[in-house]
Amino acid sequence: MVCQVDSSSQYSLVVLFGGSFDPPHLGHLEIIKRLDSSYKRVIVIPTFCNPFKAPPQAPIHTRIAWLKELCADYLRVEISDFEARANRVVYAIEYVRYYTSKYGEIGLALGSDALESLPRWREASELARLARIVPLMRDFEFCDTAHNVGSPQTQKLVLEKVDSRYSTTVPLHITGFPISSTQIRAALVRGEFERVARWVPPSIVPCVRKIYYNTH
């Protein structure tokens, strides 16, 4: 079942965007830029340790510092140290409760992988009650040609990933090249520094190279 999209007053929402950002790359910044231009406030939450993934290689305070530097010009973006202060694995329901108590209704920005796994998250029913889901539609994941980018068929593919219990906003279209932090770390292991320099913001390239290359 495709959930019903509620587009009313979405631009007054405070939206949470969590992730490992290990390391942050140009794809992350494109998402943050689009959220910044679309919502009242954006709270970026670097994870201490994603419960579904291996522990991050870069320390959380390093990742927070990178994001604060990279997002300094976005006036509606806040980089949260919520998980750093907890100093443990934190589940989404914890920061959703916290920010709901602070701001009222909030949005939770999620990519396609997270949308599919959402029903398995801790206290998923409570999460459905408290947060509106902001689906992040990465057009290059679904379309072979520019002609199909943003088509109704593409929106349907994204929304079909969302359990019908969840209230969603209109999907947010993200364009750019497909890249992940996992690919960047693998490229560093192989010594492909020139490729990595094209995927990571220039100001953090030297630090990224040092941290990730020296851990292997």
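Right above here is the structure, for reference.
Summary of the structure given here. Being a predicted model, the structure only gives us computed values, none of them experimental.

**A few points about the layout of surface pockets**
What the largest pocket holds in volume is close to 1,200 Å³. Every residue lining the largest pocket is counted, 45 residues in all, and those nearest its centre are Gly18, Gly19, Ser20, Asn50 and Lys53. Secondary-structure elements contributing two or more residues to the lining of the largest pocket are strand 1 (14-19), helix 1 (26-38), helix 4 (92-103), strand 4 (106-110), helix 5 (112-117), strand 5 (131-138), helix 7 (139-142) and helix 9 (181-189).

**A short note on the nonpolar core**
Ranked by internal contacts, the top residues of the largest apolar core, which has 39 residues, are Phe17, Ile32, Leu35 and Val44. Ranked by the residues each element gives to this core, the list is headed by helix 2 (residues 60-70), at five residues. If sequence neighbours within four positions are ignored, leucine 35 has contacts with Val15, Phe17, Val42, Ala109, Val134, Leu136 and Leu172. Counting residues in hydrophobic clusters, the runner-up holds 26 residues, among them Leu108, Leu110, Ala124 and Leu127.

**Examining the packing of aromatic side chains**
Tallying each qualifying case throughout the model produces eight aromatic pairs. Taking 6.3 Å as the distance between ring centres and 10° as the angle between the ring planes, the aromatic pair formed by tyrosine 99 and tyrosine 103 counts as stacked. Of this pair, tyrosine 99 and tyrosine 103 both sit in helix 4, four residues apart, which is roughly one turn of the helix. Through a chain of ring-to-ring contacts, three or more aromatic side chains come together here, namely Phe82, Tyr95, Tyr98, Tyr99 and Tyr103. The ring of tyrosine 91 carries arginine 122 above its face, with NZ or CZ at 3.8 Å from the centroid. Above the plane of the ring of phenylalanine 193 lies arginine 209, whose end atom (NZ or CZ) is 3.7 Å from the centre.

**Concerning the side chain of aspartate 36**
On the secondary structure map, aspartate 36 appears in helix 1. Of the residues examined, aspartate 36 reaches a relative accessible area of 10% and is grouped as buried. Apart from residues lying up to four places away in sequence, aspartate 36 is in contact with Val42, Tyr74, Leu75, Arg76 and Val77.

**Some points on the pairing of strand 2 (residues 41-46)**
Within strand 2, five of the six residues are buried, leaving the element largely enclosed by the surrounding structure. Bridge count for strand 1 against strand 2 is six bridges, and the pairing is parallel. Bridge pairing in strand 2 places glycine 18 opposite isoleucine 45. On the question of chirality, the crossover connecting strand 1 to the parallel strand 2 by way of helix 1 is right-handed. The pairing of strand 2 with strand 3 (residues 77-79) spans three bridges and is parallel. Each bridged residue has a counterpart across the sheet, and for isoleucine 43 the counterpart in strand 3 is glutamate 78. Note that the unit made of strand 2, helix 2 and strand 3 has a crossover that is right-handed.

**Details of empty space enclosed by the protein**
Once rolled over the atoms, a probe with the size of a water molecule shows which space is left empty. With the rule as written, the count across this model stands at one cavity of 30 Å³ or more. Residue assignment for the lining of the largest cavity shows that the elements contributing at least two residues are helix 10 (193-199) and helix 11 (205-213). At three residues, the largest contribution of residues to the lining of the largest cavity is made by helix 11. For the lining of the largest cavity, the class distribution of residues is five nonpolar, no polar and one charged.

Calculation notes
- Residues numbered from 1 in each chain as written.
- Predicted model: local features only at pLDDT ≥ 70, side-chain atom pairs only at ≥ 80, totals over all residues.
- Heavy atoms only, no water.
- 1 Å grid on protein atoms, 1.4 Å probe; cavity = no way out; pocket = protein on both sides within 12 Å on 5 of 7 lines; lining within 4 Å.
- Points joined across faces, edges and corners; volume = space filled by probe spheres on them.
- Helix = DSSP H or I, 4+ residues; strand = E, 2+ residues; numbered from the N terminus.
- Core = buried A, V, L, I, M, F, W, Y, C linked by side-chain atoms within 4.5 Å.
- Buried < 20%, exposed > 50% of the residue type's maximum accessible area, 1.4 Å probe, protein only.
- Contact = heavy atoms within 4.5 Å.
- Phe/Tyr/Trp six-rings, centres within 6.5 Å; stacked < 30°, edge-to-face > 60°.
- Lys NZ or Arg CZ within 6 Å of the ring centre and 35° of its normal.
- Pairing = 2+ DSSP bridges.
- Right-handed = clockwise from strand over helix to strand, strands pointing away.
- Nonpolar A, V, L, I, M, F, W, Y, C, P; charged D, E, K, R; others polar.

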